[in-house]
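Structural characterization, general
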Amino acid sequence: MEWFYKNKRDFIWRRTKDPYRIWISEIMLQQTRASQGQTYYKKFIGIFPDLQTLALANQDKVLKLWQGLGYYSRAINLHSTARYLYNEYDGKFPKTFNEIINLKGIGDYTASAIASICFDIPEAVVDGNVYRFLSRFFGISIPINTSNAHREFKKKATELMDFNNPGDFNQAIMEFGSIQCKPKNPLCLKCPFNDNCVAYKNQKIDLFPVKKKNSKLKKRYFNYFVFQNGEKKTIVEKRNENDIWKNLFQFPLLELPKLNYKKDELLNQIRLKYNHKIKFENLQLWNSKPIIQKLSHQKLHIFFWIINLKKWNTKNWTTVDDLKKLPIPIALQNFIDNFYN
Ligand code: SF4
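Residues numbered from 1 in each chain as written. Predicted model: local features only at pLDDT ≥ 70, side-chain atom pairs only at ≥ 80, totals over all residues.

1. What about the packing of helix α9 (residues 128-138) against helix α10 (residues 149-160)?
- The contact between α9 and α10 brings their axes to 11 Å, and the two run at 75°. In this view, α9 runs roughly perpendicular relative to α10, as classed from their interaxial angle. Residues V130, Y131, L134 and F138 of α9 form the contact with α10, whose own contacting residues are F153, K156 and A157.
- The residue inventory of the contact of α9 with α10, partitioned by class, reads six nonpolar, no polar and one charged. (Axes fitted to C-alpha atoms, helices over the stretch in contact; angles between N-to-C directions. Helix = DSSP H or I, 4+ residues; strand = E, 2+ residues; numbered from the N terminus. Parallel < 35°, antiparallel > 145°, perpendicular 65-115°, else oblique. Contact = placed C-beta atoms within 7 Å. Nonpolar A, V, L, I, M, F, W, Y, C, P; charged D, E, K, R; others polar.)

2. Some words on the domain arrangement of the protein chain
- When cut into domains, the protein chain gives domain 1 (1-121), domain 2 (123-213) and domain 3 (218-339).
- Each of domain 1 and domain 2 was reduced to a C-alpha centroid, and the two centroids are 24 Å apart.
- Between domain 1 and domain 2, the contact holds 15 residues from the first and 17 residues from the second.
- Those elements that place two or more of their residues in the side of domain 1 that touches domain 2 are α1 (2-7) and α8 (108-119).
- The leading source of residues in the side of domain 1 that touches domain 2 is α8, at seven residues.
- Of the residues contributing to the side of domain 1 that touches domain 2, the split by class is 10 nonpolar, three polar and two charged. (Domains from an automatic or database assignment.)

3. Details of the site of the ligand
- Residues in contact with the ligand amount to 15 residues; listed here are only the nearest, C181, C188, C191, C197 and Y200.
- For the shell around the ligand, the elements supplying multiple residues, two or more each, are α9 and α12 (198-201).
- Along the lines of polarity and charge, the residues of the shell around the ligand split into 12 nonpolar, two polar and one charged. (Near = placed C-beta within 6 Å.)

4. Section: helix α11 (residues 166-179)
- With 14 residues, α11 should cover 20 Å at 1.5 Å per step; its first-to-last C-alpha distance of 20 Å lies within 8% of that length.
- In terms of residue burial, α11 counts as a mostly covered element, since 10 of its 14 residues are buried.
- Buried within α11 we find P166, G167, F169, N170, Q171, I173, M174, E175, F176 and G177.
- On its buried side, α11 packs onto α1, α8, α9 and α10. (Expected span 1.5 Å × (residues − 1). Buried ≥ 20, exposed ≤ 12 C-beta atoms within 10 Å, placed from the backbone.)

5. Re the nonpolar core
- Core analysis: the biggest nonpolar cluster contains 75 residues, and I24, I114, V126, V130, Y224 and V226 have the highest contact counts within it.
- Apart from residues no more than four positions distant in its own chain, I114 is found in contact with P19, I22, W23, E26 and I100. (Core = buried A, V, L, I, M, F, W, Y, C linked by C-beta atoms within 7 Å.)

6. Structural notes on the packing of α9 against α11
- Closest axis-to-axis distance for the α9/α11 pair is 8 Å, and the angle between their directions is 80°. One element, α9, and the other, α11, form an angle in the roughly perpendicular class. Where α9 abuts α11, its residues N129, V130, R132 and F133 lie against I173, M174, F176, G177 and S178.
- The residue inventory of the contact of α9 with α11, partitioned by class, reads five nonpolar, three polar and one charged.

Here it is in C-alpha coordinates:
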(Lines give C-alpha, C1' and ligand atoms only; values in the text may rest on other atoms or scores of the structure.)
Protein backbone atom coordinates (compact mmCIF):
# COMPACT_ATOMS: atom_id res chain seq x y z
CA MET A 1 0.00 0.00 0.00
CA GLU A 2 2.99 2.29 0.52
CA TRP A 3 3.90 1.60 -3.07
CA PHE A 4 0.32 2.38 -4.10
CA TYR A 5 0.18 5.75 -2.38
CA LYS A 6 3.37 6.78 -4.17
CA ASN A 7 2.67 5.30 -7.61
CA LYS A 8 -1.07 5.12 -8.23
CA ARG A 9 -2.46 6.64 -11.38
CA ASP A 10 -4.89 9.49 -10.97
CA PHE A 11 -8.02 8.01 -12.50
CA ILE A 12 -11.23 9.98 -12.25
CA TRP A 13 -13.09 7.11 -10.51
CA ARG A 14 -10.45 7.12 -7.77
CA ARG A 15 -11.81 10.47 -6.62
CA THR A 16 -15.18 9.09 -5.53
CA LYS A 17 -16.73 6.49 -3.26
CA ASP A 18 -20.14 6.78 -4.87
CA PRO A 19 -21.19 3.13 -5.44
CA TYR A 20 -23.01 3.99 -8.68
CA ARG A 21 -19.86 5.49 -10.21
CA ILE A 22 -17.57 2.77 -8.86
CA TRP A 23 -19.94 0.18 -10.30
CA ILE A 24 -19.91 1.82 -13.75
CA SER A 25 -16.11 2.07 -13.73
CA GLU A 26 -15.62 -1.54 -12.62
CA ILE A 27 -17.95 -2.95 -15.26
CA MET A 28 -16.47 -0.73 -17.94
CA LEU A 29 -12.89 -1.62 -17.10
CA GLN A 30 -13.37 -5.36 -17.41
CA GLN A 31 -11.56 -6.36 -20.60
CA THR A 32 -10.64 -2.71 -21.28
CA ARG A 33 -7.44 -0.77 -20.65
CA ALA A 34 -7.89 1.86 -17.95
CA SER A 35 -6.66 4.68 -20.19
CA GLN A 36 -9.23 3.82 -22.87
CA GLY A 37 -11.88 3.15 -20.23
CA GLN A 38 -11.46 6.64 -18.80
CA THR A 39 -12.66 8.28 -22.02
CA TYR A 40 -15.75 6.07 -22.10
CA TYR A 41 -16.36 6.57 -18.39
CA LYS A 42 -16.32 10.37 -18.62
CA LYS A 43 -18.75 10.35 -21.52
CA PHE A 44 -21.05 7.82 -19.85
CA ILE A 45 -21.11 9.65 -16.52
CA GLY A 46 -21.60 12.94 -18.34
CA ILE A 47 -24.85 11.60 -19.81
CA PHE A 48 -25.93 9.31 -16.98
CA PRO A 49 -24.56 11.01 -13.84
CA ASP A 50 -26.64 8.90 -11.44
CA LEU A 51 -28.62 5.73 -11.13
CA GLN A 52 -31.91 7.41 -11.91
CA THR A 53 -30.85 8.84 -15.29
CA LEU A 54 -29.46 5.46 -16.32
CA ALA A 55 -32.59 3.62 -15.17
CA LEU A 56 -34.84 5.92 -17.18
CA ALA A 57 -32.71 5.86 -20.33
CA ASN A 58 -33.53 4.16 -23.58
CA GLN A 59 -31.51 0.96 -24.14
CA ASP A 60 -30.27 2.00 -27.60
CA LYS A 61 -28.73 5.12 -26.07
CA VAL A 62 -26.92 3.05 -23.44
CA LEU A 63 -25.61 0.63 -26.07
CA LYS A 64 -24.52 3.47 -28.35
CA LEU A 65 -22.36 4.87 -25.55
CA TRP A 66 -20.94 1.40 -24.99
CA GLN A 67 -20.09 0.95 -28.66
CA GLY A 68 -16.46 -0.14 -29.09
CA LEU A 69 -16.08 -1.53 -25.56
CA GLY A 70 -17.38 -4.93 -26.63
CA TYR A 71 -19.04 -7.52 -24.36
CA TYR A 72 -22.34 -5.73 -24.82
CA SER A 73 -24.18 -7.97 -22.37
CA ARG A 74 -22.38 -5.98 -19.68
CA ALA A 75 -24.17 -2.82 -20.80
CA ILE A 76 -27.53 -4.60 -21.03
CA ASN A 77 -27.14 -6.02 -17.52
CA LEU A 78 -25.97 -2.68 -16.18
CA HIS A 79 -29.05 -1.02 -17.54
CA SER A 80 -31.42 -3.68 -16.28
CA THR A 81 -29.85 -3.59 -12.80
CA ALA A 82 -30.16 0.21 -12.72
CA ARG A 83 -33.88 -0.19 -13.48
CA TYR A 84 -34.22 -2.86 -10.80
CA LEU A 85 -32.53 -0.69 -8.15
CA TYR A 86 -34.62 2.29 -9.19
CA ASN A 87 -37.83 0.31 -8.79
CA GLU A 88 -37.01 -2.00 -5.88
CA TYR A 89 -34.38 -0.14 -3.85
CA ASP A 90 -35.71 3.39 -4.17
CA GLY A 91 -32.83 4.20 -6.52
CA LYS A 92 -30.20 3.48 -3.85
CA PHE A 93 -27.31 1.07 -4.06
CA PRO A 94 -27.42 -1.79 -1.50
CA LYS A 95 -24.72 -1.75 1.16
CA THR A 96 -24.08 -5.43 1.90
CA PHE A 97 -21.87 -7.79 -0.06
CA ASN A 98 -24.64 -10.40 -0.38
CA GLU A 99 -27.14 -7.96 -1.79
CA ILE A 100 -24.58 -6.52 -4.20
CA ILE A 101 -23.41 -9.89 -5.52
CA ASN A 102 -26.99 -10.94 -6.15
CA LEU A 103 -27.54 -8.13 -8.64
CA LYS A 104 -27.65 -9.08 -12.30
CA GLY A 105 -24.30 -8.69 -14.08
CA ILE A 106 -22.33 -8.37 -10.84
CA GLY A 107 -19.97 -11.20 -10.01
CA ASP A 108 -17.54 -11.74 -7.16
CA TYR A 109 -14.94 -9.35 -8.56
CA THR A 110 -17.27 -6.37 -9.02
CA ALA A 111 -19.14 -6.99 -5.76
CA SER A 112 -15.85 -7.14 -3.85
CA ALA A 113 -14.58 -3.95 -5.47
CA ILE A 114 -17.78 -2.01 -4.70
CA ALA A 115 -18.15 -3.43 -1.18
CA SER A 116 -14.54 -2.69 -0.22
CA ILE A 117 -14.09 0.70 -1.89
CA CYS A 118 -17.49 2.16 -1.00
CA PHE A 119 -18.43 0.42 2.24
CA ASP A 120 -15.10 -0.78 3.75
CA ILE A 121 -16.20 -4.41 3.60
CA PRO A 122 -13.15 -6.74 3.61
CA GLU A 123 -13.80 -8.76 0.45
CA ALA A 124 -10.65 -9.38 -1.59
CA VAL A 125 -10.79 -8.77 -5.33
CA VAL A 126 -9.30 -11.26 -7.76
CA ASP A 127 -8.76 -10.00 -11.29
CA GLY A 128 -6.08 -10.72 -13.91
CA ASN A 129 -3.62 -8.41 -12.14
CA VAL A 130 -4.09 -10.15 -8.82
CA TYR A 131 -3.71 -13.59 -10.39
CA ARG A 132 -0.47 -12.52 -12.04
CA PHE A 133 1.14 -10.87 -9.03
CA LEU A 134 0.19 -13.54 -6.49
CA SER A 135 1.06 -16.46 -8.78
CA ARG A 136 4.52 -15.01 -9.45
CA PHE A 137 5.27 -13.93 -5.92
CA PHE A 138 4.19 -17.20 -4.28
CA GLY A 139 4.95 -19.45 -7.25
CA ILE A 140 1.33 -20.68 -7.37
CA SER A 141 0.92 -23.04 -10.30
CA ILE A 142 -2.86 -23.64 -10.23
CA PRO A 143 -4.03 -22.76 -13.78
CA ILE A 144 -5.97 -19.53 -13.39
CA ASN A 145 -8.62 -20.55 -15.89
CA THR A 146 -9.71 -23.62 -13.94
CA SER A 147 -12.65 -23.83 -11.58
CA ASN A 148 -10.92 -23.81 -8.19
CA ALA A 149 -8.36 -21.09 -9.04
CA HIS A 150 -10.61 -18.23 -8.00
CA ARG A 151 -11.31 -19.72 -4.58
CA GLU A 152 -7.61 -20.37 -3.88
CA PHE A 153 -6.44 -16.94 -5.00
CA LYS A 154 -9.22 -15.20 -3.12
CA LYS A 155 -8.17 -17.05 0.03
CA LYS A 156 -4.58 -15.95 -0.46
CA ALA A 157 -5.54 -12.33 -1.12
CA THR A 158 -7.79 -12.33 1.96
CA GLU A 159 -4.90 -13.56 4.14
CA LEU A 160 -2.84 -10.59 2.98
CA MET A 161 -5.59 -7.99 3.21
CA ASP A 162 -5.40 -4.89 5.39
CA PHE A 163 -8.75 -5.16 7.18
CA ASN A 164 -8.57 -1.54 8.28
CA ASN A 165 -8.50 -0.35 4.72
CA PRO A 166 -9.82 -3.02 2.36
CA GLY A 167 -10.69 -0.56 -0.42
CA ASP A 168 -7.15 0.80 -0.73
CA PHE A 169 -5.69 -2.69 -0.30
CA ASN A 170 -7.72 -4.01 -3.23
CA GLN A 171 -6.88 -1.07 -5.44
CA ALA A 172 -3.21 -1.34 -4.45
CA ILE A 173 -2.83 -5.01 -5.36
CA MET A 174 -4.58 -4.50 -8.72
CA GLU A 175 -2.55 -1.40 -9.51
CA PHE A 176 0.65 -3.21 -8.59
CA GLY A 177 -0.18 -6.03 -10.97
CA SER A 178 -1.15 -3.58 -13.68
CA ILE A 179 1.88 -1.27 -13.76
CA GLN A 180 4.67 -2.98 -11.81
CA CYS A 181 4.17 -6.75 -12.08
CA LYS A 182 3.08 -6.29 -15.71
CA PRO A 183 2.33 -9.18 -18.09
CA LYS A 184 5.45 -8.45 -20.17
CA ASN A 185 8.71 -7.06 -18.83
CA PRO A 186 7.67 -6.60 -15.20
CA LEU A 187 9.80 -4.07 -13.30
CA CYS A 188 11.49 -6.67 -11.12
CA LEU A 189 14.76 -4.81 -10.56
CA LYS A 190 13.02 -2.04 -8.69
CA CYS A 191 10.27 -4.18 -7.16
CA PRO A 192 9.87 -3.94 -3.38
CA PHE A 193 9.15 -7.70 -3.27
CA ASN A 194 12.01 -9.02 -5.40
CA ASP A 195 13.88 -10.53 -2.42
CA ASN A 196 11.07 -12.99 -1.80
CA CYS A 197 9.44 -13.41 -5.18
CA VAL A 198 9.50 -17.08 -6.18
CA ALA A 199 9.18 -16.44 -9.93
CA TYR A 200 11.91 -13.81 -9.92
CA LYS A 201 14.36 -15.82 -7.83
CA ASN A 202 13.89 -18.85 -10.06
CA GLN A 203 13.88 -16.84 -13.29
CA LYS A 204 10.45 -18.18 -14.14
CA ILE A 205 8.51 -14.96 -14.49
CA ASP A 206 7.25 -15.84 -17.95
CA LEU A 207 5.81 -19.13 -16.68
CA PHE A 208 3.33 -17.39 -14.34
CA PRO A 209 0.40 -17.19 -14.19
CA VAL A 210 -0.15 -20.74 -15.42
CA LYS A 211 -2.99 -21.16 -17.90
CA LYS A 212 -4.59 -24.30 -19.18
CA LYS A 213 -4.72 -24.31 -22.97
CA ASN A 214 -8.15 -23.42 -24.21
CA SER A 215 -9.92 -25.38 -26.84
CA LYS A 216 -9.74 -23.83 -30.31
CA LEU A 217 -11.49 -20.63 -31.22
CA LYS A 218 -14.77 -21.20 -32.97
CA LYS A 219 -14.60 -19.85 -36.51
CA ARG A 220 -17.66 -18.06 -37.90
CA TYR A 221 -18.29 -16.61 -41.35
CA PHE A 222 -20.53 -13.55 -41.52
CA ASN A 223 -21.78 -12.23 -44.84
CA TYR A 224 -23.48 -8.87 -44.49
CA PHE A 225 -25.74 -7.47 -47.18
CA VAL A 226 -25.59 -3.74 -47.60
CA PHE A 227 -28.73 -2.97 -49.56
CA GLN A 228 -28.84 0.27 -51.53
CA ASN A 229 -31.86 1.84 -53.18
CA GLY A 230 -30.16 4.88 -54.67
CA GLU A 231 -31.48 7.25 -51.96
CA LYS A 232 -28.71 6.89 -49.36
CA LYS A 233 -30.80 4.45 -47.40
CA THR A 234 -30.12 0.91 -46.35
CA ILE A 235 -31.63 -1.87 -44.30
CA VAL A 236 -30.66 -2.87 -40.79
CA GLU A 237 -32.05 -5.30 -38.30
CA LYS A 238 -31.65 -5.86 -34.57
CA ARG A 239 -29.80 -8.90 -33.26
CA ASN A 240 -32.24 -10.55 -30.90
CA GLU A 241 -30.80 -14.03 -30.45
CA ASN A 242 -28.79 -15.05 -27.40
CA ASP A 243 -25.52 -14.62 -29.15
CA ILE A 244 -22.74 -12.08 -29.43
CA TRP A 245 -23.81 -8.46 -29.97
CA LYS A 246 -27.30 -9.01 -28.60
CA ASN A 247 -29.59 -5.98 -29.13
CA LEU A 248 -27.10 -4.22 -31.42
CA PHE A 249 -28.01 -3.41 -35.00
CA GLN A 250 -26.49 -4.89 -38.13
CA PHE A 251 -27.04 -5.23 -41.86
CA PRO A 252 -29.01 -8.33 -42.89
CA LEU A 253 -26.73 -11.25 -42.21
CA LEU A 254 -26.16 -14.62 -43.73
CA GLU A 255 -23.94 -16.76 -41.57
CA LEU A 256 -22.38 -19.57 -43.58
CA PRO A 257 -20.42 -22.64 -42.54
CA LYS A 258 -17.36 -22.01 -44.68
CA LEU A 259 -15.14 -19.21 -45.89
CA ASN A 260 -15.38 -19.09 -49.65
CA TYR A 261 -18.73 -19.09 -51.32
CA LYS A 262 -19.14 -18.61 -55.02
CA LYS A 263 -21.21 -15.62 -56.02
CA ASP A 264 -23.91 -17.79 -57.57
CA GLU A 265 -24.26 -19.89 -54.46
CA LEU A 266 -24.54 -16.76 -52.41
CA LEU A 267 -27.18 -15.29 -54.71
CA ASN A 268 -29.25 -18.41 -54.23
CA GLN A 269 -28.88 -18.16 -50.48
CA ILE A 270 -30.03 -14.53 -50.54
CA ARG A 271 -33.02 -15.37 -52.70
CA LEU A 272 -33.95 -18.14 -50.34
CA LYS A 273 -33.56 -15.90 -47.28
CA TYR A 274 -35.99 -13.42 -48.80
CA ASN A 275 -38.33 -15.94 -50.43
CA HIS A 276 -37.46 -14.58 -53.85
CA LYS A 277 -39.20 -11.29 -52.96
CA ILE A 278 -36.34 -9.01 -53.86
CA LYS A 279 -34.91 -8.19 -57.23
CA PHE A 280 -31.43 -6.82 -57.38
CA GLU A 281 -29.24 -5.45 -60.11
CA ASN A 282 -25.91 -6.61 -58.94
CA LEU A 283 -23.98 -7.97 -56.02
CA GLN A 284 -20.50 -6.77 -55.29
CA LEU A 285 -18.04 -7.92 -52.72
CA TRP A 286 -16.66 -4.90 -50.85
CA ASN A 287 -13.71 -6.62 -49.20
CA SER A 288 -11.98 -9.44 -51.02
CA LYS A 289 -10.21 -10.55 -47.84
CA PRO A 290 -12.33 -11.18 -44.78
CA ILE A 291 -12.23 -8.65 -41.96
CA ILE A 292 -11.15 -10.61 -38.94
CA GLN A 293 -12.46 -9.93 -35.49
CA LYS A 294 -11.31 -12.03 -32.58
CA LEU A 295 -13.58 -12.32 -29.58
CA SER A 296 -12.81 -14.33 -26.46
CA HIS A 297 -13.93 -17.69 -27.90
CA GLN A 298 -14.71 -16.89 -31.49
CA LYS A 299 -12.95 -15.71 -34.59
CA LEU A 300 -15.21 -13.86 -37.00
CA HIS A 301 -14.57 -13.61 -40.72
CA ILE A 302 -16.65 -10.76 -42.06
CA PHE A 303 -17.58 -9.91 -45.63
CA PHE A 304 -19.70 -7.04 -46.85
CA TRP A 305 -21.72 -7.46 -50.02
CA ILE A 306 -23.14 -4.38 -51.69
CA ILE A 307 -26.50 -4.99 -53.34
CA ASN A 308 -28.18 -2.45 -55.57
CA LEU A 309 -31.87 -3.12 -55.58
CA LYS A 310 -34.29 -2.59 -58.39
CA LYS A 311 -37.29 -2.51 -56.17
CA TRP A 312 -38.24 -3.67 -52.74
CA ASN A 313 -41.39 -2.52 -51.05
CA THR A 314 -40.33 -2.81 -47.48
CA LYS A 315 -40.73 -0.30 -44.69
CA ASN A 316 -37.37 -1.23 -43.26
CA TRP A 317 -35.27 1.34 -45.08
CA THR A 318 -33.12 3.44 -42.74
CA THR A 319 -31.33 6.62 -43.72
CA VAL A 320 -27.58 6.65 -43.34
CA ASP A 321 -27.89 9.49 -40.79
CA ASP A 322 -30.22 7.40 -38.63
CA LEU A 323 -27.96 4.40 -39.04
CA LYS A 324 -25.08 6.34 -37.53
CA LYS A 325 -27.08 6.95 -34.35
CA LEU A 326 -27.76 3.25 -33.70
CA PRO A 327 -25.61 0.98 -31.50
CA ILE A 328 -23.59 -1.11 -33.91
CA PRO A 329 -20.73 -3.64 -33.52
CA ILE A 330 -17.41 -1.93 -34.08
CA ALA A 331 -16.45 -3.97 -37.17
CA LEU A 332 -19.64 -2.75 -38.86
CA GLN A 333 -19.15 0.79 -37.61
CA ASN A 334 -15.69 0.85 -39.25
CA PHE A 335 -17.28 -0.29 -42.49
CA ILE A 336 -20.00 2.38 -42.24
CA ASP A 337 -17.43 5.12 -41.57
CA ASN A 338 -15.48 4.02 -44.64
CA PHE A 339 -18.31 3.28 -47.00
CA TYR A 340 -20.53 6.27 -46.27
CA ASN A 341 -17.81 8.88 -45.69
S1 SF4 B 1 9.84 -9.34 -8.56
FE2 SF4 B 1 8.96 -9.12 -10.57
S3 SF4 B 1 7.64 -10.89 -10.82
FE4 SF4 B 1 8.07 -10.70 -8.65
S5 SF4 B 1 6.42 -9.48 -7.81
FE6 SF4 B 1 8.04 -8.08 -8.33
S7 SF4 B 1 7.57 -7.37 -10.41
FE8 SF4 B 1 6.38 -9.24 -10.03
